[in-house]
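Residues per chain, in single letters:
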Amino acid sequence: MNKHYYLSYHADVTIITKSSEQATVLYEDMIAQGNVWKMTKEGNLLKQKVDTGILMNSMLEITSGVTVGDAVAADPESQFRQQATFITPIKWDHSWKRIISPRDTAWYEPFLIGFLSR
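Keep in mind that this is a model prediction, so the values were computed, not measured. Going along each chain's sequence as written, the residues are numbered from 1 onward. This being a predicted model, a pLDDT of at least 70 is required before a residue's local features are given, and a value of 80 or more before pairs of side-chain atoms are given or counted; all residues contribute to the totals for chains, interfaces and linings. Side-chain calculation: all heavy atoms of the structure are included, whereas hydrogens and water are not.

Focus: the overall build of the protein chain
Part 1 of the reasoning: Counting from the N terminus, the helices are the DSSP runs of H or I reaching at least four residues and the strands are the DSSP runs of E reaching at least two. Helices and strands together make up the secondary structure of the protein chain, namely two helices and five strands.
Part 2 of the reasoning: Secondary structure elements of the protein chain occur, N-terminal to C-terminal, as β-β-β-β-β-α-α.
Part 3 of the reasoning: For every residue, the accessible area (1.4 Å probe, protein chains only) is compared with the maximum for its type, and the residue is labelled buried under 20%, exposed over 50%, or partly exposed between those bounds. Here the protein chain holds 118 residues, and the buried ones make up 19% of them.
Part 4 of the reasoning: Restricting the contact set of the protein chain to residue pairs at least 6 apart, pairs at least 24 apart contribute 56%. What makes two residues a contact is simply this: any of their non-hydrogen atoms within 4.5 Å.

Encoded structure:
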């Protein structure tokens with residue numbers, strides 16, 4: 001192979017020093033002091049200690065404490081409390097506006113009963 005290289009040619013090089021195939025990862029800012037807030041099967045928040053590995057592009061490998069499929073709360077961490085009920089906010093987009101109309105109160109009672117029963 002006879003290739004010619006000239007001055008002012010540029011190349012990007014990536015040197016891989018570690019790798020982790022099929023790793024469980026979380027965003028770095030979801031982990032606070034080695035812990036994450038994980039939802040239990042009962043729907044409560046649990047402060048879970050995690051062990052971490054390789055950091056790449058703000059994604060941090062989780063070696064123990066959380067597995068694929070676990071629900072982990074992202075933010076704001078200051079509002080989380082041990083055994084607090086995990087509540088996912090409703091994103092008020094166009095599909096919800098058609099289902100829940102302020103003019104129609106048929107949705108209101110079942111919604112409140114479900115919300116308060118938690």
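Observations regarding the environment of Thr52
Part 1 of the reasoning: When you line up the elements, Thr52 lands in strand S4 (residues 51–56).
Part 2 of the reasoning: Of the residues examined, Thr52 reaches a relative accessible area of 40% and is grouped as partly exposed.
Part 3 of the reasoning: When the C-alpha positions of Thr52 and Val25 are compared, they lie 8.9 Å apart, and in sequence the two are 27 residues distant.
Part 4 of the reasoning: The residues contacting Thr52, other than those within four sequence positions of it, are Ile31, Leu60, Glu61, Ile62 and Thr63.

Let's talk about the sheet that holds strand S5 (residues 59–64)
Part 1 of the reasoning: The pairing criterion is simple: DSSP has to find at least two bridges between the two strands. Here three strands make up an open sheet; going across it, the order is S1-S5-S4 and the pairing antiparallel. The open sheet has two free edges, formed respectively by strand S1 (24–27) and S4, since each of these has just one partner strand. The mean angle between the axes of side-by-side strands here comes to 35°, regardless of whether they run parallel or antiparallel.
Part 2 of the reasoning: In terms of strand pairing, S1 meets S5 through four bridges, oriented antiparallel. Counterpart to Tyr27 in the pairing with S5 is Met59. Between N-to-C directions, angles span 0 to 180 degrees; the directions come from axes that are lines fitted to C-alpha atoms, helices contributing only their stretch in contact.

Concerning the pattern of salt bridges
Part 1 of the reasoning: Throughout this description, the term salt bridge denotes a Lys or Arg side-chain nitrogen within 4 Å of a carboxyl oxygen of Asp or Glu. Enumeration over the complete set of coordinates arrives at one salt bridge.
Part 2 of the reasoning: The partner of Lys38 in a salt bridge is Asp70, with the nearest N and O atoms 3.5 Å apart. Here Asp70 lies in the loop between S5 and helix H1 (94–99) and Lys38 lies in strand S2 (residues 35–39), a separation of 32 residues in the sequence.

Here we look at the environment of Ser64
Part 1 of the reasoning: Relative to the helices and strands, Ser64 resides in strand S5.
Part 2 of the reasoning: Taking the relative accessible area as the measure of exposure, Ser64 reaches 29% and is therefore partly exposed.
Part 3 of the reasoning: Separated by 15 residues in the primary sequence, Ser64 and Lys49 have C-alpha atoms spaced 8.4 Å apart.
Part 4 of the reasoning: Apart from residues lying up to four places away in sequence, Ser64 is in contact with Lys49, Val50 and Asp51.
Part 5 of the reasoning: Within the structure, the side chain of Ser64 is placed 2.6 Å from the side chain of Asp51, a separation counted as a polar contact. Distance and chemistry together define a polar contact, namely a pair of N or O atoms within 3.5 Å, with one atom able to donate a hydrogen and the other to accept it when in protein, and with adjacent residues in sequence counting only for side-chain atoms on both sides.

Some points on the side chain of Thr24
Part 1 of the reasoning: On the secondary structure map, Thr24 appears in strand S1.
Part 2 of the reasoning: The buried category is assigned to Thr24, whose relative accessible area is 19%.
Part 3 of the reasoning: Beyond its immediate stretch of four places on either side in the chain, Thr24 contacts Leu60, Glu61, Ile62, Val66, Thr67 and Val68.

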